[in-house]
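# Structural features, examined
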Amino acid sequence: MRRDEPDGEVPANPALRRILRRPRGTELSELLTEGMSGGDLTTLLLEVFRRRAERLSPADVMRCYRSDRFVAPAPISFAALCRADGALLFALPDEFEILVLAPVLPLAAHSAVATVDPRKVIATLRRRPAG
């Protein structure tokens, strides 16, 4: 397993270090990262999240909504955002091609192409690219 530290011994991330020190933590990490296909991992994780979601009440969800900055509504109205988008798009020269991006990207699209650490990107559960 690839570790955070250059010497490969102990991960620098304290939360990961705590998890890996649990009984069978390193073994489980190896299984999840290298021991199963991307499709099998996605299936497993979707089931784990389904089961965890079953245990949450509407009050739990609302607590998360109030405390998690990633799920807060945008501080600008949708109409204002659309007007700004339109103004910026129509100001571009005609030779620009506007692309509508997919809502999800293949695993490693950020790290393999743009060298962005995956821990700095909000991930979704999707299969890894074939190959």
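Please read these numbers as outputs of a predicted model, since none were measured by experiment.

Here is what the cut-offs are and how they apply
Numbering of residues starts from 1 in every chain and runs along the sequence as written. Reporting in this predicted model follows two pLDDT cut-offs: at least 70 for local features of residues, and 80 or more for side-chain atom pairs to be given and counted; totals over whole chains, interfaces and linings ignore these cut-offs and use all residues. Side-chain numbers come from the whole structure's heavy atoms, not from hydrogens or water. Only one rule defines a salt bridge in this text: a Lys or Arg side-chain nitrogen within 4 Å of an Asp or Glu carboxyl oxygen. Think of it this way: any DSSP run of H or I at least four residues long counts as a helix, any run of E at least two long counts as a strand, and we number them from the N terminus. Throughout, exposure labels follow a simple rule: accessible area from a 1.4 Å probe, protein chains only, divided by the maximum for the residue type, with under 20% read as buried, over 50% as exposed, and the rest as partly exposed.

Attention shifts here to the pattern of salt bridges. Between side chains of opposite charge, pairing is possible as soon as their charged atoms come close. In this structure the tally under the stated criterion is 4 salt bridges. With a closest N to O distance of 2.5 Å, R50 and E47 form a salt bridge. With R50 and E47 both in helix α3 (residues 38-54) and 3 residues apart, this pair spans about one turn of that helix. Among the ionic pairs, R50 bridges to E54, the shortest N-O distance being 2.6 Å. Separated by 4 residues within a single helix, R50 and E54 lie in helix α3, roughly one turn from each other. On the basis of relative accessibility, which here comes to 57%, the residue E54 falls in the exposed class. Here the salt bridges share partners, and the residues they tie into one network are E47, R50, R51 and E54.

Spatial relationships are all this shows, so hold off on functional conclusions.
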